[in-house]
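# Coordinate analysis (summary)
Next come the chains, spelled out residue by residue.
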Amino acid sequence: MNADKIKELVSQMTLEEKASLCSGADFWHTKEIKRLGIPSVMVSDGPHGLRKQDQKADHLGVNDSIKAVCFPAGCATAASFNRDLIKEMGETLGNECQAEKVSVILGPAVNIKRSPLCGRNFEYYSEDPLVATEMAGSLIEGIQNKNIGTSIKHFLANNQETRRMSSSSDIDERTLREIYLAAFEGAVCRQKPWTVMCSYNKINGTYAAENKTYLTDVLRKEWGFDGFVMSDWGAVNDRVRDLEAGLNLEMPSSGGINDKLITEAVRSGRLDEQILDRSCEEMLNIIYRAVENQDENAVFDLEKDHEKARKIAEETIVLLKNEDILPLKPGCKIAFIGKYAKKPRYQGGGSSHINSFKVTSALEAAGSLPGLVYAQGYDDDRDEVLPALEEEAVRAAGSSDVAVIFAGLPDAFESEGFDRSHMRMPDCQNQLIEKIAAVQPNTVVVLHNGSPVEMPWISKVKGVIEAYLSGQAVGAAVTDILFGRVNPSAKLPETFPLKLEDNPSYLTYPGEGDRTVYTEGVYVGYRYYDKKKMDVLFPFGHGLSYTSFSYSDLTVDKEELDDTDTLKVSVKVTNTGKLEGKEIIQLYVGASSGKIQRPVKELRDFAKISLKPGETKEVTFTLGRRAFAYWNTTLKNWHVLTDDYDIMIGASSRDIRCQKSVRVNSTVQIPVIYTLDTTFGDVMENEKAAAAIHKFMEGSELFAAPEEKGESDVAAEAISAEMQEAMMRYMPLRGMISFSGGAMTLDKLEELILEWNRDNINR
Ligand code: BGC
């Protein structure tokens, strides 16, 4: 339905009808307005599978959702760094939604993994906003290609589960722009999700649901969002204020209570009816887009989609460590140890939980391999050593050639709704790994978790595979990697610190009472570890392959450019090993001068390519202004400082293979406003002002060198030339009145300042 018809439709709606459209009919549907033929549409979680619940099911009841396919969760799909693959996953999900008459899938979830402790990290993509927004964008594109809407969530700064419905995320403007908003920005601007879900929390004291700055000024006015905003389930605070701020749909239903508040507010004049009209138009636009594009013939095949889930999982599993142990050699006696070998942890608890129609474990996928034995080793319902299970596992490991331990975080350690209290795996699992490594030098650990864990046993095992929560086919994918049928090609979308205390948010997470201050600013993840030159367990972007790659011939199409130009960066990558494999090439940019406090480097693009043994391919990236920019709070805009920038191509954030420097010139003048408090050092950067100052200060003692002043050595030692210079540099202009020997008066100084400011503004 076109915009005019939608306007016309809204003009026919009564006030009550319009207000009623602004909240759900139940947990999962928008309201129907029969009189005008306005249909109801269904929304469903999301994000990594279809959790379609029947009407009566409660919010968290997972058993009532239909049997579906659980694809790899966000933590894992991000590790694939494969945009096309995630787009395909989106198309598969979109098709499932079409077949099930679901119009909007509630995801992707792009919140930044600020702390390893966030209970919901498994649903989120990365500590890096570019990875988050790119992977989310690919999923959105895929889903929406099938004419199904998405709901990018949770907008904004919802980075913890502790007090998620009341806590305020207190974040400075630059950090919000560069990290937390940036995770949404790319996907919202490029892939245009049909809907956005606002989060529960407050941002700098104002609930996300009633935050006009982000819901309207940034989202709609700056980023051009033209869909509708829905609340997270129960996130509405003050319904009228929320509507004014830009929140269209309250979910789930308020049983009519909040709709009534809207009608009363219009009648009493508190709410402008035009705001309500616009809100309805925005919603109807999407509702009709969904209804008019329903594919009545859509069908899906669970088994086929399971195979897709497997193909995706193969690219989400990261080989972290391999001391010549993997792939496992044919014919060796193998012990699969750990409950997760038989019953993998492949998804997390909460609203994203899928009622999987089947799950493939590694044990099942390995089949009746001669010489393969299994021992459970531990249980995951309690963190408790079970001696009989442990002894059996140690025996099995000791009498095999290789032990593969399947370990990780149980649901009780990691879930929606609460945060982890530490970064450790269960003690019983750590102890089991130590005991097995003591009897079996050929030990490999396969991990199932959505966020980093400490690995106290790392030096005692030969191999580690991070299988994340890679969906219901994870066992098959892990087995293919263990036996070399698939060459691992994923890399970490986050840093694994050595210990929790190293994480930049450690001192302030999860805040005090209802307030969490993000004191680390933009230094999230590798941005912090790099700046502090800290050792980490595994760096951002790290991941091994069974083949090797070399990088060469880094070229840039210009050595100097303006911030309005683009820069083409090319590099050649060669497969120098014996197996076909995929490599993720990472492009980082760092400013050299340090004039602005910035991370050492930031990921600005990445590419994943497949190479046959001996094959070379050239990869080209195009960088625009944003690749060099930081958020300038004076301009309230992105700004590129004139500077030299390092273009770094890496196989990980700590494995930079080639580097080049380019000069980028700013075309934007930042207005400088001089005041009596402006320092001499700052004023000296303005030629005209510098000359004027010199004139007045010529006779001043303060400017004279010690010998000119005829000072003794002792006096010269007391105030060195460096100190004198620094005193001048940091002295405010008003100091001239005291130190110019009467040459400068307050009136004169104010007149000069006025003149410099006028020049600056007119420039
Ligand atoms: C979650 C959302 C989810 C919604 C509906 C909320 O508790 O935060 O991510 O989409 O429930 O299940």
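The structure displayed is predicted, hence computed values, not measured ones.

With that settled, the discussion passes to the sheet that holds strand β20 (residues 602–611). Pairing within the open sheet is mixed, and its five strands lie in the order β17-β25-β24-β19-β20. Pairing within the sheet leaves two strands with one partner each, and these edge strands are β17 (560–562) and β20. Put simply, the sheet's adjacent strands are angled 30 degrees from each other on average, direction ignored.

The next point concerns the nonpolar core. Within the largest apolar cluster, 183 residues are counted, with the highest numbers of intra-cluster contacts made by Phe336 and Met455. Ranked by the residues each element gives to this core, the list is headed by helix α10 (residues 273–292), at nine residues. If near-sequence neighbours (up to four positions away) are discounted, Phe336 is found in contact with Ala341, Ala362, Leu363, Ala366, Leu372, Val373, Tyr374, Ala375, Val404, Phe406, Leu482 and Phe483. Leu611, Tyr630, Val640 and Cys658 belong to the second-largest nonpolar core, a separate cluster that totals 33 residues.

Moving on: the packing of aromatic side chains. Aromatic rings considered in pairs are described by the distance between their centres and by the relative angle of their planes. In the structure shown here, the tally under the stated rule is 14 aromatic pairs. Where Phe27 meets Trp28, the ring centres are 6.0 Å apart and the plane angle is 50 degrees; that geometry is what we call tilted. Under the relative-accessibility criterion, Phe27 is labelled partly exposed at 27%. Among the residues examined, Trp28 registers a relative accessible area of 1% and is labelled buried. Seen from their ring centres, Phe336 and Phe406 are 5.0 Å apart, and the 65 degrees between their planes marks the pair as edge-to-face. With Phe336 in strand β10 (residues 334–337) and Phe406 in strand β12 (residues 402–408), this residue pair connects regions lying 70 residues apart in the sequence. The same class applies to Phe336 as to Phe406, namely buried. Members of the aromatic cluster, connected to one another through ring pairs, are Phe27, Trp28 and Trp233. Arg177 extends its terminal NZ or CZ atom over the ring of Trp631, reaching a point 4.1 Å from the ring centre.

For the rest of this paragraph, the subject is the layout of surface pockets. With a probe scaled to a water molecule rolled over the atoms, the places where space remains empty come into view. Each pocket or cavity is described by its volume, and for the largest pocket that value is around 790 Å³. Lining the largest pocket are 37 residues, and of these Leu130, Glu134, Gly186, Arg190 and Arg626 lie nearest its centre. Those elements that place two or more of their residues in the lining of the largest pocket are α4 (83–100), α5 (129–145), α6 (173–191), β20, β21 (616–623) and β23 (637–639). Counting residues per element, the lining of the largest pocket draws most heavily on α6, which supplies eight residues. Each pocket or cavity is described by its volume, and for the second largest pocket that value is around 570 Å³. As for the second largest pocket, its lining consists of 19 residues, and the residues nearest its centre are Gln669, Ile670, Val672, Asp682 and Glu685. Its residues assigned to classes, the lining of the second largest pocket shows seven nonpolar, seven polar and five charged.

Glancing now at the site of the ligand. In the vicinity of the ligand lie 15 residues, with Asp45, Arg120, Lys153, His154 and Asp232 positioned nearest. A distance of 2.6 Å is found between an oxygen atom of the ligand and a side-chain nitrogen or oxygen belonging to Arg120. At 2.6 Å from an oxygen atom of the ligand is found a side-chain nitrogen or oxygen belonging to Asp232. Considering the ligand on its own, with 310 Å² of exposed area, one finds that the protein chains cover 100% of that surface. The residue makeup of the shell around the ligand, split by class, is five nonpolar, three polar and seven charged.

Another point: the state of the cysteines. Simply put, disulfide is the name for a covalent bond between the sulfur atoms of two cysteines. With the rule as written, the count across this model stands at zero disulfides. We note that Cys22 lacks a disulfide partner, and the nearest cysteine sulfur, in Cys280, lies 4.6 Å from it. Assessed through its relative accessible area of 0%, Cys22 is described here as buried. Its sulfur unpaired, Cys75 is 10 Å from the next cysteine sulfur, which belongs to Cys70.

Okay, the sheet that holds strand β6 (residues 202–203) next. Strand order in this open sheet of four strands is β7-β6-β4-β15, and the pairing throughout is mixed. Strand pairing shows two members of the sheet lacking a second neighbour, β7 (206–207) and β15 (515–517), which therefore form its edges. Alignment of β6 against β7, held across two bridges, turns out to be antiparallel. Paired with Ile203 across the bridge in β7 is Thr206.

Burial along strand β14 (residues 463–466) is two-sided: Gly463 and Ile465 facing one way and Val464 and Glu466 facing the other are all buried. Two strands pair when backbone bridges link them, and strand β9 (residues 318–322) and β14 are joined in this way by four bridges, in the antiparallel orientation. In the strand pairing of β14, Val318 is matched with Glu466. Summarising the sheet, strand β13 (residues 443–448) and β14 pair through four bridges and their orientation is parallel. Paired with Leu447 across the two strands is Glu466, which belongs to β14.

Rules used in this analysis
Residues numbered from 1 in each chain as written. Predicted model: local features only at pLDDT ≥ 70, side-chain atom pairs only at ≥ 80, totals over all residues. Heavy atoms only, no water. Pairing = 2+ DSSP bridges. Helix = DSSP H or I, 4+ residues; strand = E, 2+ residues; numbered from the N terminus. Axes fitted to C-alpha atoms, helices over the stretch in contact; angles between N-to-C directions. Core = buried A, V, L, I, M, F, W, Y, C linked by side-chain atoms within 4.5 Å. Buried < 20%, exposed > 50% of the residue type's maximum accessible area, 1.4 Å probe, protein only. Contact = heavy atoms within 4.5 Å. Phe/Tyr/Trp six-rings, centres within 6.5 Å; stacked < 30°, edge-to-face > 60°. Lys NZ or Arg CZ within 6 Å of the ring centre and 35° of its normal. 1 Å grid on protein atoms, 1.4 Å probe; cavity = no way out; pocket = protein on both sides within 12 Å on 5 of 7 lines; lining within 4 Å. Points joined across faces, edges and corners; volume = space filled by probe spheres on them. Nonpolar A, V, L, I, M, F, W, Y, C, P; charged D, E, K, R; others polar. Near = heavy atom within 4 Å. Polar contact = N/O pair within 3.5 Å; in protein donor to acceptor, adjacent residues only side chain to side chain. Areas by Shrake-Rupley, 256 points an atom, 1.4 Å probe, with all protein chains shown as cover. Disulfide = S-S within 2.5 Å.

The values reported here are purely geometric and, on their own, carry no functional implication.
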